[in-house]
Amino acid sequence: MEVKKLMIIGAGQMGSGIAQVCAQAGYEVLLNDLKDELVRRGLGVIEKNLSRQVQKERLTDGEKAEILQRISKSTNLQDAQDVDLVIEAAVENMDVKCKIFSHLDRIAPAHTILATNTSSLPITEIAAATNRPEKVIGMHFMNPVPVMKLVEIIRGLATADEVYQTIEEITHTLSKVPVEVNDFPGFVANRVLMPMINEAIYTLYEGVATKEAIDEVMKLGMNHPMGPLTLADFIGLDTCLYIMETLHDGFGDDKYRPCPLLRKYVKAGWLGKKTGRGFYTYD
């Protein structure tokens, strides 16, 4: 099927990034969130990112203006009544996502594909909230979306082959690399990444080394671009905890048990860069 118009639900860091790359690829985009101020904030991030590309002479001012013109604001899910694809990038919470998908199922045209950017939750369970499970699929972008090439594409139990093929083609159009992944907790990226971050937190918790030392070992010894504790701060410690709990619940294996120090920081409101304090302190 041909996809011309998209709705992105959630104008935060992930949603605004997805909206940007879709508009850059020539799609007409509706950027949706609960409040106009949230949508405007997301558009501001997009404008800032594109301005950097102009400064680096990767875009012209004219191209930047054309990209921004392709993005419209939305604060009402009813706007999904004339879109071909929805990509949901709301909070990582199953109840919230199921409510959104159930609502979208009643609004969006019968041909519309409903995709979720979930980083760990079961696609099959989200699809069960709709009457079109064959048109529901996972489309997990990496952060920051405009920079990172990978998109994990996750089929639910009922996802149709033609829906997968359409999403794979769109991913290529976005200049991303699609990788097919089966519907297991955490998929591949977070099933591997989050236990590593959790183990780094245990290493700090047990006094094996300082946070700076742990990050240096992984950067210099394993050639990671940033250490796991710094990365956790950028992801958000609440998100890290939620994904670890999803893995722990999904597999019932104690190797996925979240570190008590991670729980303590989240309860303290030390969620990382977005709150100004996590393992490190930010201005």
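Given the structure is predicted, the values throughout are model-derived calculations rather than measurements. Residue indices begin from 1 for each chain and proceed along its sequence in written order. Local features in this predicted model are restricted to residues whose pLDDT is 70 or higher, and side-chain atom pairs enter the listing and the counts only when it is 80 or higher, whereas totals over whole chains, interfaces and linings include all residues. Hydrogen atoms and water are omitted, and side-chain values are computed over all heavy atoms in the structure.

Visitor: Break down the domain arrangement of the chain for me, citing the residues and quoting the values.
Guide: Domain assignment breaks the chain into domain 1 (5-182) and domain 2 (190-275). For domain 1 and domain 2, the distance between their C-alpha centroids amounts to 27 Å. Opposite the seven residues of domain 1 that make contact, domain 2 presents four residues. In short, buried area is how much 1.4 Å probe accessible area vanishes from two parts on joining, totalled over both. Summed over both sides, the interface of domain 1 with domain 2 buries roughly 490 Å², with 51% coming from carbon and sulfur. Together, Glu92, Ser119 and Ser120 form the three largest contributors to the area buried by domain 1 at its contact with domain 2, with a combined 61%. Salt bridges are counted wherever a side-chain nitrogen of Lys or Arg sits within 4 Å of a carboxyl oxygen of Asp or Glu. One can count zero salt bridges joining domain 1 with domain 2. The definition of a polar contact used here is a pair of N or O atoms within 3.5 Å, where within protein one atom must be able to donate a hydrogen and the other to accept one, and adjacent residues in sequence count solely through side-chain atom pairs. The interface formed by domain 1 and domain 2 holds two residue pairs in polar contact (both at pLDDT 80 or more) in total. A per-class count over the side of domain 1 that touches domain 2 returns two nonpolar, four polar and one charged. Segmentation into domains, and thus their bounds, comes from an automatic or database assignment. Working rule for contacts: check all heavy atoms of both residues, and any pair within 4.5 Å makes them a contact. Residue polarity is assigned by list, with Asp, Glu, Lys and Arg as charged and Ala, Val, Leu, Ile, Met, Phe, Trp, Tyr, Cys and Pro as nonpolar; anything else, Gly included, falls into the polar class.

Visitor: I'd like to hear about helix 4 (residues 94-107), residue by residue, with values.
Guide: In this description a helix means any DSSP run of H or I spanning at least four residues, a strand means any run of E spanning at least two, and both kinds are numbered starting from the N terminus. To estimate the expected span of a helix, subtract one from its residue number and multiply by 1.5 Å. Here helix 4 is 14 residues long and its end C-alpha atoms lie 20 Å apart, about the 20 Å a rise of 1.5 Å per residue gives. Taken residue by residue, helix 4 has Met94, Lys97, Cys98, Ile100, Phe101, Leu104, Asp105 and Ile107 as its buried positions. In this structure asparagine 93 caps helix 4, since a side-chain oxygen of it lies 3.0 Å from the backbone nitrogen of aspartate 95. Accessible area is worked out with a 1.4 Å probe on protein chains only. A residue is then buried under 20% of its type maximum, exposed over 50%, and partly exposed in between.

Visitor: Please give an account of the UniProt feature "site: Important for catalytic activity" (unreviewed entry) in the chain that cites residues and values.
Guide: UniProt positions are given in the numbering used here, feature names are shortened, and annotations may be inferred rather than shown by experiment. The sites that UniProt annotates as "site: Important for catalytic activity" (unreviewed entry) are His140. Relative to the helices and strands, histidine 140 resides in strand 6 (residues 136-141). What makes histidine 140 buried here is its relative accessible area of 6%. Non-local contacts of histidine 140, meaning those with residues more than four positions away in its chain, are made with Thr116, Asn117, Thr118, Ser119, Leu150, Val151, Glu152, Ile154, Phe187, Ala189 and Asn190.

Visitor: I'd like to hear about the UniProt feature "binding site: NAD(+)" (unreviewed entry) in the chain, residue by residue, with values.
Guide: Look at the UniProt record and you will see "binding site: NAD(+)" (unreviewed entry) annotated at Gly10, Ala11, Gly12, Gln13, Met14, Gly15, Asp33, Glu92, Lys97, Ser119, Asn143 and Lys274. Looking at the element boundaries, glutamine 13 is found in helix 1 (residues 13-24). Within the fold, glycine 15 resides in helix 1. Residue classification places glycine 15 among the buried residues on the basis of a relative accessible area of 1%. Sequence-distant contacts of glycine 15, defined by excluding residues within four places in its chain, comprise Ile8, Gly10, Leu31 and Ala89.

Visitor: Just give me the short version of the environment of methionine 196, but keep the residues and values in it.
Guide: Along the chain, methionine 196 falls in helix 7 (residues 189-205). Judged by relative accessible area, methionine 196 falls into the partly exposed class, the value being 24%. Sequence-wise, methionine 196 and leucine 229 are 33 residues apart; in three dimensions their C-alpha atoms are separated by 10.0 Å. When sequence neighbours within four positions are dropped, the list of residues in contact with methionine 196 reads Met218, His224 and Pro228.

Visitor: Give me the lowdown on the packing of helix 7 against helix 9 (residues 228-235), citing residues and values where you can.
Guide: To get an axis, fit a line to the C-alpha atoms, keeping to the stretch in contact for a helix; angles then go from 0 to 180 degrees between the N-to-C directions. Two elements in contact, helix 7 and helix 9, have axes whose closest approach is 9 Å; the angle formed by their N-to-C orientations is 115°. The handedness of the crossing between helix 7 and helix 9 is left-handed. In this structure, helix 7 contributes Leu193, Met194, Met196, Ile197, Ala200, Ile201 and Leu204 to the contact, and helix 9 contributes Pro228, Leu229, Leu231, Ala232 and Ile235. Residue composition of the contact of helix 7 with helix 9, grouped by class: 12 nonpolar, no polar and no charged. Note on convention: the crossing is left-handed when the near helix lies turned anticlockwise from the far helix by less than a right angle, right-handed when the turn is clockwise.

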